[in-house]
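Chain by chain, the residues:
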Amino acid sequence: MSTMRRELEDSALKAFPHWEVVREREQARATVAELGWFMAGVPEDMGGLGLSRAELGVIFAQLGRALVPGGLVAQFLAVEALAGAQAFAGRDELLESAMAGEPLTASLAIGREGLEAVPDADLASHVLVRGVQEIALVALEGATIEPTPAWDTSRALFSVKPAEGGARLVLASGAEAAALNARLDELACLALAGDALGGASAVLAISIDYLGTRRQFDRPLAMFQALKHRAADLKAAIDTASALYDASSDARGTAMGAMKAHCCEVYKQVAEEAVQFHGGIGLTVEYPVHLFLKRAFLNRELGGSAGFWNERAGRALLEA
Amino acid sequence: MSDTPEDLRHEIRQWLADNAPGDWRDQSTHEGFVASQRAWFAQLVAAGYAVPHWPGEWPGGGRSLAEQKIIYEELARADTPRLLLSFVSTYHAAATLMECASKEQAAHYLPRILKGETWCQGFSEPGAGSDLAAIRTKAVRRGDVYVVSGQKIWSTMAQYADMCLLLVRTSSEGAKQAGMTYLLMDMTLPGVSVRPIHQIQGDEEFAEIFLDEVEIPVSQRVGEEGAGWAVAQATLASERGLTLMELSYRMRGAMTRLVSEIAGTDRTEDRGVLRDLGALATRVDAVCALADRFLQKRMEDEEKIGDASVVKLAYARCLRAWAEMGVTLSGLSGQLHAPITYGDLNSGNWMADFMNSYAWTIAGGSDEVQRNIIAERMLGMPREPRGWKLEAGQ
Ligand SMILES: Cc1cc2nc3c(=O)[nH]c(=O)nc-3n(C[C@H](O)[C@H](O)[C@H](O)COP(=O)(O)OP(=O)(O)OC[C@H]3O[C@@H](n4cnc5c(N)ncnc54)[C@H](O)[C@@H]3O)c2cc1C
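Residues numbered from 1 in each chain as written. Chains lettered and ligands numbered in written order. Predicted model: local features only at pLDDT ≥ 70, side-chain atom pairs only at ≥ 80, totals over all residues. Heavy atoms only, no water.

Caption draft 1: Structural view of the site of the ligand. Around the ligand there are 18 residues in total, and Gln121, Ser130, Trp154, Ser366 and Glu368 of chain B lie nearest to it. Chain contributions to the surroundings of the ligand come from chains A and B. At a separation of 2.6 Å, a nitrogen atom of the ligand approaches a polar backbone atom of Gln121 of chain B. Taking Ser130 of chain B, its side chain carries an N or O atom lying 2.6 Å from an oxygen atom of the ligand. Protein contact buries 66% of the 970 Å² of open area that the ligand shows by itself. The set of elements that each furnish at least two residues to the shell around the ligand consists of helix H7 (225–247) of chain A together with strand S3 (145–156), helix H12 (358–362) and helix H13 (367–378) of chain B. (Near = heavy atom within 4 Å. Polar contact = N/O pair within 3.5 Å; in protein donor to acceptor, adjacent residues only side chain to side chain. Areas by Shrake-Rupley, 256 points an atom, 1.4 Å probe, with all protein chains shown as cover. Helix = DSSP H or I, 4+ residues; strand = E, 2+ residues; numbered from the N terminus.)

Quick look at the structure:
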């Protein structure tokens with residue numbers, strides 16, 4: 001394990017030792033900014049830490065493990081777009097404040113038109129608008145921002161319509177927009193897959209603890225093979241997906257999307273079983289398992305669904 | 001030896017273009033199987049591609065992880081036959097000899113393996129499968145020999161084997177695991193007889209071994225008397241981890257077989273089929289990445305208990321899904337009986353490959369046994385209560 005990887009995990013464990021620690025999105029954003037994570041992927045000559053995608057991947061997994069709320073993935077995308085854009089007047093100031101945690105946002109939907117599934121639009125100054133021909137940062141002043149309450153309450157999602165003629169900074173157009181869009185899609189998929197794997201390991205650990213303490217039929221539930229075997233399958237599924245995740249940090253296009261689809265399916269599978277493992281208590285709001293379940297299902301849809309990516313991956317194989 | 005991994009890829013691709021046996025499926029029938037396997041193995045040994053996982057002092061050994069990947073990828077890409085006959089020799093026997101045997105034993109046998117000596121593994125017995133420690137084949141020491149009597153079962157390729165990794169009971173005192181001893185048995189010794197077993201896919205890959213007062217020299221013992229359980233774990237560990245890099249890369253290479261079931265049919269526009277194919281391919285990639293990660297850990301001495309079980313469980317389940325997709329895609333024509341050749345995931349026969357996939361969910365510790373290991377040793381879940389006894393008459 002690389003030193004950087006271990007350092008990132010250590011600081012994450014200090015900042016977010018447990019899923020309960022930060023439940024409030026503005027505070028979560030501040031903590032992540034303090035850790036310097038928003039600047040992690042930005043090249044050093046632009047004031048960032050110049051970390052690799054593999055190292056960013058560690059951060060995303062840690063955010064998922066602790067169910068850190070808010071529009072952090074959207075902010076990572078906006079930062080990446082700013083860093084990847086041609087220089088323009090005021091870029092450095094914008095980038096600096098974004099790296100410091102000043103909210104910027106972007107849609108987390110892939111493969112669809114428009115600005116739906118935009119987290120934290122109510123807090124952000126700008127939204128990243130990604131078109132095929134042009135990528136722009138648009139000021140949210142005067143925009144119509146409709147909350148779209150989701151089952152997963154850890155992310156506040158909005159549907160956004162920027163104001164006509166509002167301030168608009170073009171970050172890339174034409175072929176450059178296509179290249180930047182590809183980078184952003186890849187980053188979004190990496191982030192969501194990491195979130196999925198972090199969440200899956202956490203909710204499995206919570207379940208194993210629970211099965212070890214809950215007694216029925218004069219013994220801990222964890223002693224029953226019917227449950228042990230399912231837990232072992234989940235462990236094997238998580239390890240397998242996480243090996244793919246680590247190997248895919250620099251994957252391109254469809255390969256990254258298919259990886260994301262795989263990891264999110266594993267999260268869903270683990271979270272579903274986790275509710276079942278908990279019996280009645282798994283259906284109560286006091287118990288955290290449902291939070292993981294809901295986030296797992298939302299992760300599956302954000303960044304392009306399994307159907308969307310798997311179909312592309314299948315087609316790519318046929319055309320290879 | 002090549003300078004960079006990509007040089008190696010070029011080198012092996014060139015070599016395969018000249019040497020890969022194109023007609024091996026026709027030759028891998030019952031009659032031709034052994035000869036064609038031996039010939040292909042000898043070619044690979046001569047070229048230095050047969051045992052990339054062995055340490056560097058052996059010809060063709062000492063390959064880095066990246067080089068091993070390339071070799072397996074290229075062997076799969078060229079659709080070469082898998083080395084079924086030498087599988088136990090180059091993995092199980094080699095791992096045992098390298099990790100547990102004396103220097104003399106290793107120096108004696110390893111070169112013979114490279115010359116094509118075939119080994120089999122005689123662990124399982126009719127009454128000892130998952131509960132391997134229950135073996136009863138008995139060895140009694142008489143001077144310089146162990147006199148061995150009993151029966152082994154499910155021994156892959158035993159009918160062709162020159163040597164056998166034999167697990168026997170030398171004592172019934174104490175824990176079941178304590179009285180076991182590990183021997184290297186020459187299959188031509190008097191008292192050894194072998195009977196092939198007919199398998200569901202029409203093959204005879206494994207066999208029963210009957211042992212009647214077989215005299216095995218004490219010098220053929222690996223480790224101390226009574227230390228057989230630990231040695232057997234080394235043998236099994238190779239089956240659970242090491243072998244799976246080759247196999248997972250083969251499975252990825254064989255994705256082309258699924259693709260060719262779809263290509264040229266109206267299913268190229270069937271979104272359900274495309275999705276299934278894409279999801280499966282990603283799962284296969286994930287298993288390859290897992291096998292890579294396992295080998296990396298092993299090379300860096302960071303392997304933990306249960307890691308190998310995870311690899312085996314993941315591979316076995318994925319292989320089943322892979323073969324099942326082939327069966328499904330082949331439709332009714334896949335249900336018509338076609339003569340099979342020896343093989344596993346590239347035999348060219350989906351139903352045969354599917355039935356063969358059970359080799360990985362049952363052999364070498366079944367999926368259920370791997371799950372117990374993962375749950376108890378990795379996740380720390382408690383063992384089931386011991387001491388349960390079968391009532392008389394049950
Ligand atoms: C293709 C093939 C090749 C083989 N090659 C060799 C070889 O070369 N040499 C050799 O020595 N052996 C070999 N074997 C034998 C193999 O190791 C055994 O078949 C295996 O260990 C299972 O034992 P069993 O068949 O007796 O099944 P059993 O132990 O009777 O098990 C039957 C079923 O019960 C399940 N089960 C058993 N115990 C438990 C438990 N505690 N909890 C939950 N479920 C359980 C098993 O998983 C299995 O599904 C081979 C087997 C196959 C299929």
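Caption draft 2: Up close: the sheet that holds strand S4 (residues 134–139) of chain A. All names here are of chain A. Strand order in the open sheet formed by four strands is S1-S3-S4-S7, and the pairing between neighbours is mixed. Pairing within the sheet leaves two strands with one partner each, and these edge strands are strand S1 (104–106) and strand S7 (168–173). The mean inter-strand angle of the sheet, taken between neighbouring strand axes irrespective of direction, is 20 degrees. Here S4 runs beside S7; their pairing, made up of five bridges, is antiparallel. When the sheet's bridge partners are listed, Val138 is paired in S7 with Arg168. (Pairing = 2+ DSSP bridges. Axes fitted to C-alpha atoms, helices over the stretch in contact; angles between N-to-C directions.)

Caption draft 3: Representation of the UniProt feature "domain: Acyl-CoA oxidase/dehydrogenase middle" (unreviewed entry) in chain B within the structure. Mapped onto the present numbering, the UniProt feature "domain: Acyl-CoA oxidase/dehydrogenase middle" (unreviewed entry) falls at residues 120–213 of chain B. Between the C-alpha atoms that bound residues 120–213 of chain B the distance is 19 Å, and the span itself is 0% helix and 50% strand. (UniProt positions renumbered as here; feature names shortened; annotations may be inferred.)

Caption draft 4: Just the interface of chain A and chain B, in detail. Facing 33 residues of chain A, the contacting portion of chain B comprises 37 residues. When chain A packs against chain B, the two sides together hide about 3000 Å² of surface, and 68% of this comes from carbon and sulfur. It is Lys228, Glu311 and Leu318 of chain A that lose the most area in chain A upon contact with chain B, and together they represent 20% of the buried surface on that side. The interface formed by chain A and chain B holds six salt bridges in total. Across the chain A-chain B interface, the total number found is 12 residue pairs in polar contact (both at pLDDT 80 or more). Counting residues per element, the side of chain A that touches chain B draws most heavily on H7 of chain A, which supplies 15 residues. (Contact = heavy atoms within 4.5 Å. Buried area = accessible area lost by both parts, 1.4 Å probe. Salt bridge = Lys/Arg side-chain N within 4 Å of Asp/Glu carboxyl O.)

Caption draft 5: Broad picture of the UniProt feature "domain: Acyl-CoA dehydrogenase/oxidase N-terminal" (unreviewed entry) in chain A. Listed under "domain: Acyl-CoA dehydrogenase/oxidase N-terminal" (unreviewed entry) in the UniProt record, and renumbered for this structure, are residues 16–74 of chain A. Annotation note: span residues 16–74 of chain A, helix share 44%, strand share 0%, distance between end C-alpha atoms 20 Å.

Caption draft 6: Seen up close, the packing of helix H10 (residues 306–319) of chain A against helix H9 (residues 271–299) of chain B. Contact geometry of H10 of chain A with H9 of chain B gives a least axis separation of 6 Å together with a crossing angle of 85 degrees. Between H10 of chain A and H9 of chain B, the angle falls in the class roughly perpendicular. For the pair formed by H10 of chain A and H9 of chain B, the contact residues are Gly307, Asn310, Glu311, Ala313, Gly314, Arg315, Leu317 and Leu318 of chain A on the first element and Arg271, Leu274, Arg275, Leu277, Gly278, Ala279 and Ala281 of chain B on the second. The residue inventory of the contact of H10 of chain A with H9 of chain B, partitioned by class, reads seven nonpolar, four polar and four charged. (Parallel < 35°, antiparallel > 145°, perpendicular 65-115°, else oblique. Nonpolar A, V, L, I, M, F, W, Y, C, P; charged D, E, K, R; others polar.)

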